[in-house]
Amino acid sequence: SQQGEEDPQALSIQEGENATMNCSYKTSINNLQWYRQNSGRGLVHLILIRSNEREKHSGRLRVTLDTSKKSSSLLITASRAADTASYFCATDADSNSGYALNFGKGTSLLVTP
Amino acid sequence: DGGITQSPKYLFRKEGQNVTLSCEQNLNHDAMYWYRQDPGQGLRLIYYSQIVNDFQKGDIAEGYSVSREKKESFPLTVTSAQKNPTAFYLCASSAGLAGYEQYFGPGTRLTVT
């Protein structure tokens, strides 16, 4: 089951601008993760944020988590053309299949030079 | 793509044939997963395995089978019972189930005609 929903579905910006993607989810979570996928490739893990954390940084990436609103955001600062990819949030929570990491449908980011 | 390999990258089969997708990891991870990704969609969990000789159905297990005879290997068989098998298949592994990042292979694109 897909619990996470990213917004917007697609985002187009110019190099140097910041990109913000949002993720909303429905049930309580233990952790939320963000992944990146280049076209036709596997996913690459970016950041894991635990439910008791509010903000986390990794290089040009900043992730926030608001458990009261059941939402998270991923900010990429000073974007580069190489940041062009799809970005997925994933939450870990029990599903009707037992444990599962539930992925959203992703935000497609295009960064133009 | 870390220490996970998937082969082949592209696979073509005729309808009615079973096909096995390979997934091998050298990360010494206990947990392994199979996901299916359709165009413009997120990942949907097919099967996962927490430990050797044990595996659990995910959200869309019908028409698929797996085995976990070795820690390093988690092959997926797409059977003729799978009604719409054409998709991009991704294998992943993690050190444990809950609270761990997943490492993904490069994926296998299966086309059934």
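All residue numbers refer to positions counted from 1 along the written sequence of the respective chain. Throughout, the order in which chains and ligands are written sets their labels, letters from A for the former and numbers from 1 for the latter. In keeping with the predicted nature of the model, local features appear solely for residues at pLDDT of at least 70, side-chain atom pairs appear and are counted solely at 80 or more, and the whole-chain, interface and lining totals rest on all residues. Calculated side-chain values reflect all of the structure's heavy atoms, with hydrogen atoms and water omitted.

(A) Geometry of the overall build of chain B. When its secondary structure is counted, chain B shows zero helices and 11 strands. Strands here mean DSSP runs of E at least two residues long; helices mean DSSP runs of H or I at least four residues long; both are numbered from the N terminus. When the elements of chain B are put in sequence order from the N terminus, they spell out β-β-β-β-β-β-β-β-β-β-β. Within these notes, the globule rule equals 2.2 Å times the number of residues to the 0.38 power, and the radius of gyration is based on C-alpha atoms. On C-alpha atoms alone, chain B measures out to a radius of gyration of 13 Å, which is about the 13 Å that the 2.2 N^0.38 rule sets for 113 residues. A principal-axis box enclosing the C-alpha atoms of chain B has dimensions of 35 × 25 × 20 Å. By the burial criterion, 50% of the 113 residues in chain B qualify as buried. Contacts between residues were defined by any pair of non-hydrogen atoms, one from each residue, lying within 4.5 Å. The contacts of chain B with a sequence gap of at least 6 include a subset with a gap of at least 24, amounting to 53%. Per-residue and other accessible areas follow the Shrake-Rupley method at a 1.4 Å probe size, with only the shown protein chains counted as cover for residues. Roughly 5,300 Å² of accessible area belongs to chain B as shown, and the carbon and sulfur atoms make up 47% of that amount. Any residue under 20% of the maximum accessible area for its type is buried, any over 50% is exposed, and the rest in between are partly exposed; the area is computed with a 1.4 Å probe on protein chains only.

(B) Local environment of the overall build of chain A. Counting secondary structure elements, chain A contains zero helices and 11 strands. Sequence-ordered secondary structure for chain A, helices as α and strands as β, is β-β-β-β-β-β-β-β-β-β-β. The C-alpha radius of gyration of chain A comes to 14 Å, within 12% of the 13 Å expected for a compact globule of 113 residues. Each of the three principal axes of chain A carries a C-alpha extent, and together these read 45 × 30 × 20 Å. When the 113 residues of chain A are sorted by exposure, 47% land in the buried category. Taking contacts inside chain A between residues at least 6 apart in sequence as the whole, the part at least 24 apart equals 55%. For chain A, the exposed area adds up to about 5,200 Å²; of that, 44% sits on carbon and sulfur atoms. His residues and chain termini do not enter the charge count, which takes Lys and Arg as positive and Asp and Glu as negative. By convention, the point assigned to a charge is CZ for Arg, NZ for Lys, CD for Glu and CG for Asp. Of the charged side chains in chain A, 12 are positive and 11 negative, and the gap between their average positions amounts to 2 Å.

(C) Molecular detail of the pairing of strand β5 (residues 43-51) of chain B. All names here are of chain B. In this scheme, strands are said to pair when DSSP sees at least two bridges between them. Of the strand pairs in this sheet, strand β4 (residues 31-37) and β5 are connected by six bridges, and their pairing is antiparallel. Considered in β5, the bridge of R36 is made with R44. Hairpin connection between β4 and β5: a loop of five residues separates the two successive antiparallel strands, and G40 in this loop has a positive phi of roughly 70°. Bridge analysis of β5 against strand β6 (residues 54-57) gives three bridges, and the strand direction is antiparallel. Opposite Y48, over in β6, you have Q56 as the bridge partner. Following β5, the chain reverses through two residues before pairing antiparallel with β6; N53 in that reversal takes a positive phi of roughly 65°.

(D) Region of the structure containing the interface of chain B and chain A. The interface is formed by 26 residues belonging to chain B together with 25 residues belonging to chain A. Counting the surface lost from both chain B and chain A, the interface buries some 1,900 Å², and carbon and sulfur atoms represent 47% of this. Three residues, B:L43, B:D59 and B:G99, lead the burial of chain B against chain A; their summed loss comes to 23% of the area buried on that side. Counted as salt bridges are all cases of a side-chain nitrogen of Lys or Arg within 4 Å of a carboxyl oxygen of Asp or Glu. Taken together, the links from chain B to chain A amount to zero salt bridges. Throughout, buried area stands for the accessible area (probe radius 1.4 Å) lost by two parts on being put together, summed over both.

(E) Fine view of the side chain of B:T79. All names here are of chain B. With respect to the element layout, T79 can be found in the loop between β8 (76-78) and β9 (87-94). Side-chain atoms alone can form a polar contact between residues adjacent in sequence; in general such a contact is a pair of N or O atoms within 3.5 Å, and within protein one must be able to donate a hydrogen while the other accepts it. A polar atom in the side chain of T79 sits 2.9 Å from the backbone oxygen of G63. Setting aside residues up to four positions removed in sequence, T79 forms contacts with N18, G63, Y64 and S65.

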